[in-house]
Amino acid sequence: MKILCNRENLIQGVQVVLRAVSAKTTLPILSGILIKTEVDRLYLTATDLELGIDCSIPVQVIEHGSLVVPARIFSEIVKKLPDTKIELNTNNQNNILTVNYSPSQTTINCMDSEEFPVIPALEENHNISIKSSIFKSMVKQVAFSAATDENRPIFTGVLVIIENDIFKTVATDTHRLAYRNTTLEADTNMNWQAVVPAKALVEVSRLIQDDDEMIDIIFAENQINFKFGNISLLSRLIEGQFPNYKQVIPTSCKTKIRVLTKALLDATERASLVAREGSNVIKLKVQENALIITSDSADLGKVYEEVQVELQGEEAQISFNSRYLVDVLKVIDCEEIVIELTGSLSPGIIRPVDANNYLYLILPIRTN
Amino acid sequence: MKQLTQALTEVEEKLTSLLQEVQRLRIYSHALEEDNVRLRRELCSLGEAENAKVVANAAKIQGEGYGNLSRLYSEGFHVCHLHFGQIREGDCLFCVGFLRKEDL
């Protein structure tokens with residue numbers, strides 16, 4: 001293989017695929033990046049067998065070929081290259097890559113591309129297109145609710161549902177639940193659902209460069225493929241049945257308050273500063289036109305916060321984990337939210353005032 | 001020739017005994033059918049009092065079940081079908097949802 005490329009493109013390609021390089025692997029080949037020429041592009045691929053990322057960059061191909069470069073050292077070298085025309089030259093007999101940046105050069109010992117696992121291409125029978133900006137906001141508003149505990153794999157994923165032209169996402173760690181839906185531009189005539197690792201969705205969201213571009217999502221039985229720009233990301237799906245999320249959403253409420261998102265966020269964040277360590281308990285008391293938030297700690301002190309609200313229904317008292325409340329207030333785009341409560345033991349519901357496409361459920365903490 | 005006659009006689013005997021067996025079973029099945037009809041009739045004619053007793057008993061069993069489950073939950077175990085019986089850390093939306101549904 002012999003190619004000419006520029007530094008920026010090479011850095012971008014390596015940085016993109018580096019996220020899929022396995023940190024702790026028993027297979028040495030997975031600590032590498034597969035580089036392969038095709039027509040006038042260089043394809044960089046990395047995988048940890050759960051997640052695979054593929055990125056192509058424009059290059060001038062002089063001689064076709066492929067090789068697996070050690071990811072860590074290659075990315076370090078690429079980052080430090082001078083801003084000049086770069087030539088990658090391989091000697092396929094002994095798997096050595098020479099990086100020429102005239103007048104200097106570096107040689108790296110590489111691995112045989114034959115050993116690299118093949119990332120399967122999915123049949124494009126089941127696919128949808130969604131605008132990047134919408135996809136990003138959905139991931140931002142939902143993925144944080146997924147569990148990080150690997151002992152319960154199903155909850156580390158986001159339930160993705162497609163019903164004709166409706167795209168729904170749900171995530172929960174069993175203490176709180178986030179739901180968001182959107183209407184797709186075209187009817188898909190599909191009824192499909194699967195649990196996608198939250199990590200993969202966050203990764204896609206992070207790699208999106210242009211908010212106006214469309215993302216193509218291709219679904220298969222065990223895998224999901226996201227294609228956008230020059231990047232393709234393939235993830236396995238999480239096996240198992242996602243619990244019936246509709247069952248946990250209360251259908252009626254006794255207390256309904258309307259409050260400014262920013263004011264509540266600031267008050268909650270201040271209250272959380274002295275919230276009891278570990279449990280992060282803050283107490284909310286809904287009175288006529290005011291929400292009082294208190295927290296105390298024997299060591300640190302007490303916080304008393306009062307926020308103006310519009311109350312409908314009964315006055316109420318409830319305790320929450322401040323972290324769960326702060327998390328949602330940070331991702332809601334709307335200036336005002338509605339909080340619905342039914343007693344101190346039932347989950348509270350948080351929705352934006354202006355749209356019914358988002359819902360967040362938060363379970364209270366029992367305090368005596 | 002004699003052997004063939006004998007074989008035919010044997011077959012005839014077997015068939016006769018089989019026929020007798022079928023007849024016996026038919027009488028038995030007829031008796032069962034009648035019994036079934038009688039029992040059905042009896043069941044339908046149970047008085048209001050008995051009906052109420054049955055319903056109350058069912059409700060009591062259900063109530064006890066709910067009580068047991070909510071006690072199990074408050075003692076720190078999952079009652080949702082996902083993690084039933086496992087020790088829970090903090091409250092669980094699915095257990096609470098399940099208990100609320102049972103409560104209705």
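Residues numbered from 1 in each chain as written. Chains lettered and ligands numbered in written order. Predicted model: local features only at pLDDT ≥ 70, side-chain atom pairs only at ≥ 80, totals over all residues. Heavy atoms only, no water.

Trainee: Go over the overall build of chain A with me, naming the residues and quoting the values.
Mentor: Counting its secondary structure elements, chain A contains six helices and 25 strands. Once the C-alpha set of chain A is aligned to its principal axes, its extents read approximately 80 × 55 × 35 Å. Relative to its 368 residues, chain A shows a buried fraction of 53%. In chain A, of all internal contacts separated by at least 6 residues, the share reaching a separation of at least 24 is 66%. Summed over its atoms, the accessible surface of chain A is roughly 17,700 Å², and 45% of this surface lies on carbon and sulfur atoms. In chain A, 35 side chains carry a positive charge and 47 a negative one; their mean positions are 5 Å apart. (Helix = DSSP H or I, 4+ residues; strand = E, 2+ residues; numbered from the N terminus. Buried < 20%, exposed > 50% of the residue type's maximum accessible area, 1.4 Å probe, protein only. Contact = heavy atoms within 4.5 Å. Areas by Shrake-Rupley, 256 points an atom, 1.4 Å probe, with all protein chains shown as cover. Lys, Arg positive; Asp, Glu negative; His and termini not counted. Charge placed at Lys NZ, Arg CZ, Asp CG, Glu CD.)

Trainee: Would you mind going over the pairing of strand 18 (residues 255-260) of chain A in detail, with residue names and values included?
Mentor: Two faces, one strand: in a regular strand the side chains alternate between the faces of the sheet. Residue and element names in this part refer to chain A. Where burial is concerned, the two faces of strand 18 differ: the one with Thr255, Ile257 and Val259 is buried and the one with Lys256, Arg258 and Leu260 is not. As paired strands, strand 18 and strand 21 (residues 301-313) are joined by five bridges and run antiparallel to one another. Bridge assignment links Arg258 to a residue of strand 21, and that residue is Glu310. Sheet topology note: the strand 18/strand 23 (residues 336-341) ladder contains six bridges and is antiparallel. Bridge pairing links Val259 to Ile337 in strand 23. (Pairing = 2+ DSSP bridges.)

Trainee: Would you mind going over the confidence of the model for chain B in detail, with residue names and values included?
Mentor: Per-chain confidence: chain B averages 86 in pLDDT, with 97% of residues scoring 70 or above. In the predicted assembly, ipTM is 0.75 and pTM is 0.82. (pLDDT = per-residue confidence, 0-100.)

Trainee: Describe the side chain of Ser322 of chain A, listing the residues and the values that go with them.
Mentor: Assignment of secondary structure puts Ser322 of chain A in helix 6 (residues 322-331). Apart from residues no more than four positions distant in its own chain, Ser322 of chain A is found in contact with Thr268, Ser272, Asn280 and Ile282 of chain A.

Trainee: Just give me the short version of the interface of chain B and chain A, but keep the residues and values in it.
Mentor: Contact with chain B, which involves 14 residues of that partner, is made by 22 residues of chain A. Both sides of the chain B and chain A interface together cover about 1,400 Å² of buried area, and 65% of this is carbon and sulfur. Counting the contacts that link chain B with chain A gives one salt bridge. Two residues, Arg366 of chain A and Asp91 of chain B, come together in a salt bridge whose shortest N-O distance is 3.3 Å. For the interface between chain B and chain A, the tally reads six residue pairs in polar contact (both at pLDDT 80 or more). Among the elements that make up the side of chain B that touches chain A, the one with the highest residue count is helix 3 (residues 93-103) of chain B (seven residues). (Buried area = accessible area lost by both parts, 1.4 Å probe. Salt bridge = Lys/Arg side-chain N within 4 Å of Asp/Glu carboxyl O. Polar contact = N/O pair within 3.5 Å; in protein donor to acceptor, adjacent residues only side chain to side chain.)

Trainee: Give a description of the packing of aromatic side chains that names residues and reports values.
Mentor: Counting across every chain of the model gives six aromatic pairs over all chains. Seen from their ring centres, Phe155 of chain A and Phe94 of chain B are 5.9 Å apart, and the 25 degrees between their planes marks the pair as stacked. With Phe155 of chain A in the loop between helix 3 (132-142) and strand 11 (157-163) and Phe94 of chain B in helix 3, this residue pair bridges two chains. For Phe94 of chain B, a relative accessible area of 4% translates into the label buried. Measuring from centroid to centroid gives 5.9 Å for Tyr179 of chain A and Tyr245 of chain A, while their planes differ by 25 degrees, and the two rings are stacked. Of this pair, Tyr179 of chain A sits in strand 13 (residues 176-183) while Tyr245 of chain A is found in the loop between strand 17 (231-236) and strand 18, placing the two residues 66 residues apart along the sequence. By the burial criterion, Tyr179 of chain A is buried, and Tyr245 of chain A matches it. Within the aromatic cluster, the residues linked to one another by ring pairs are Phe155 and Phe242 of chain A together with Phe94 of chain B. (Phe/Tyr/Trp six-rings, centres within 6.5 Å; stacked < 30°, edge-to-face > 60°.)

Trainee: Which residues make up helix 6 of chain A, and what are the values?
Mentor: Residue and element names in this part refer to chain A. Where burial is concerned, most of helix 6 is hidden: seven out of the 10 residues are buried. Of all the positions in helix 6, only Ser322, Tyr324, Leu325, Val326, Val328, Leu329 and Val331 are classed as buried. In this structure Asn321 caps helix 6, since a side-chain oxygen of it lies 3.0 Å from the backbone nitrogen of Arg323.

Trainee: Go over the environment of Val204 of chain A with me, naming the residues and quoting the values.
Mentor: All names here are of chain A. In this structure, Val204 sits in helix 4 (residues 198-207). The buried category is assigned to Val204, whose relative accessible area is 0%. Separated by 24 residues in sequence, Val204 and Phe228 place their C-alpha atoms 8.9 Å apart. Ignoring sequence-local partners within four residues, the contact set of Val204 consists of Phe135, Ile215, Phe226, Phe228 and Leu233.

Trainee: Tell me about the pairing of strand 9 (residues 104-109) of chain A, and please be specific about residues and values.
Mentor: All names here are of chain A. In this structure, strand 8 (residues 96-101) lies alongside strand 9, joined through six bridges in antiparallel fashion. Across the sheet, the residue bridging to Ile96 is Asn109, located in strand 9. From the end of strand 8 to the start of strand 9, which pair antiparallel, there are two residues.

Trainee: Explain the domain arrangement of chain A residue by residue, including any values.
Mentor: All names here are of chain A. For chain A, the domain assignment lists domain 1 (2-115), domain 2 (129-216 + 234-245) and domain 3 (249-362). Between domain 2 and domain 3, the contact holds 13 residues from the first and 14 residues from the second. Together domain 2 and domain 3 conceal approximately 1,200 Å² of surface at their shared face, both sides included; 52% is due to carbon and sulfur atoms. Per-residue buried area on domain 2 facing domain 3 is highest for Gln141, Arg176 and Leu177; these three make up 40% of the total on that side. Counting across the interface, domain 2 meets domain 3 through two salt bridges. In this structure, Asp327 and Arg176 form a salt bridge, with 3.1 Å as the shortest nitrogen-oxygen distance. Mapped by element, the contributors of at least two residues to the side of domain 2 that touches domain 3 are helix 3 and strand 13. In terms of residue count, strand 13 provides more of the side of domain 2 that touches domain 3 than any other element does, six residues in total. (Domains from an automatic or database assignment.)

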